[in-house]
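Results of the structural survey
Here is what each chain is made of, one letter per residue.
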Amino acid sequence: MASPKRPKNLSLDASAIERGERYARRHGTNLSALVSDYLNALPVDTPPAVHSPAVRRLYGAAARRRAAQGDYGEHLARKYGVD
């Protein structure tokens, strides 16, 4: 059963409204339904510090090899020819 509707005033950029209305017309809906669907799809039960997939991949790559503290300095010395 659908939840009862309640009016809410939102301040949106004119270009965002125009884009949303154009999208809604093409998809046989309206701006209110688009906003409502979007808000209902937000993951409210996830922790606020969830990282993007790209950041998670970087963390995963770093976790595979735990380098000793001096390894990076040695790497730079070899790379740039510093003794």
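For the structure itself, look to the data block above.
Presented here is an overview of the structure given in this document. (Residues numbered from 1 in each chain as written. Predicted model: local features only at pLDDT ≥ 70, side-chain atom pairs only at ≥ 80, totals over all residues. Heavy atoms only, no water.)

Things to note about the overall build of the protein chain
We apply this condition: A run of H or I in DSSP becomes a helix once it reaches four residues, and a run of E becomes a strand once it reaches two; helices and strands are each numbered from the N terminus. In this scheme, a residue with accessible area under 20% of its type's maximum is buried, one over 50% is exposed, and one in between is partly exposed, where area comes from a 1.4 Å probe on protein chains only. Accessible surface is estimated by sampling points in the Shrake-Rupley manner with a 1.4 Å probe; for residues, cover comes only from the protein chains shown.
When helices and strands are counted, the protein chain shows four helices and zero strands. Each helix (α) and strand (β) of the protein chain, taken in turn from the N terminus, gives the series α-α-α-α. Classification of the 83 residues of the protein chain by burial places 2% in the buried group. By element, 55% of the accessible surface of the protein chain is carried by carbon and sulfur atoms, the whole surface being about 8,300 Å².

Considerations on helix H1 (residues 14–26)
Selection rule: Given a helix with a known number of residues, its expected span is that number minus one, times 1.5 Å.
The end-to-end C-alpha distance of H1, which contains 13 residues, comes to 19 Å, matching closely the 18 Å that a straight helix rising 1.5 Å per residue would cover. Of the residues one or two after H1, Gly 28 is the one with positive phi, at around 65°.

What about the pattern of salt bridges?
A side chain of one charge can pair with a side chain of the opposite charge when the charged atoms of the two come close. Spelled out, the test is: Salt bridge, as used here: a side-chain nitrogen of Lys or Arg that lies within 4 Å of a carboxyl oxygen of Asp or Glu.
Here the structure, examined in full by the defined rule, presents one salt bridge. A salt bridge links Glu 18 to Arg 22, with the shortest nitrogen-to-oxygen separation between them at 3.7 Å. Taken together, the residues Glu 18 and Arg 22, both in helix H1 and four residues apart, mark about one turn of the helix. With a relative accessible area of 36%, Arg 22 lands in the partly exposed category.

Some details on the environment of Ser 32
The topology assignment puts Ser 32 in helix H2 (residues 31–41). By relative accessible area, which is 58% here, Ser 32 ends up exposed. Note: C-alpha distance between Ser 32 and Gly 20 (12 residues apart in sequence) is 9.5 Å.

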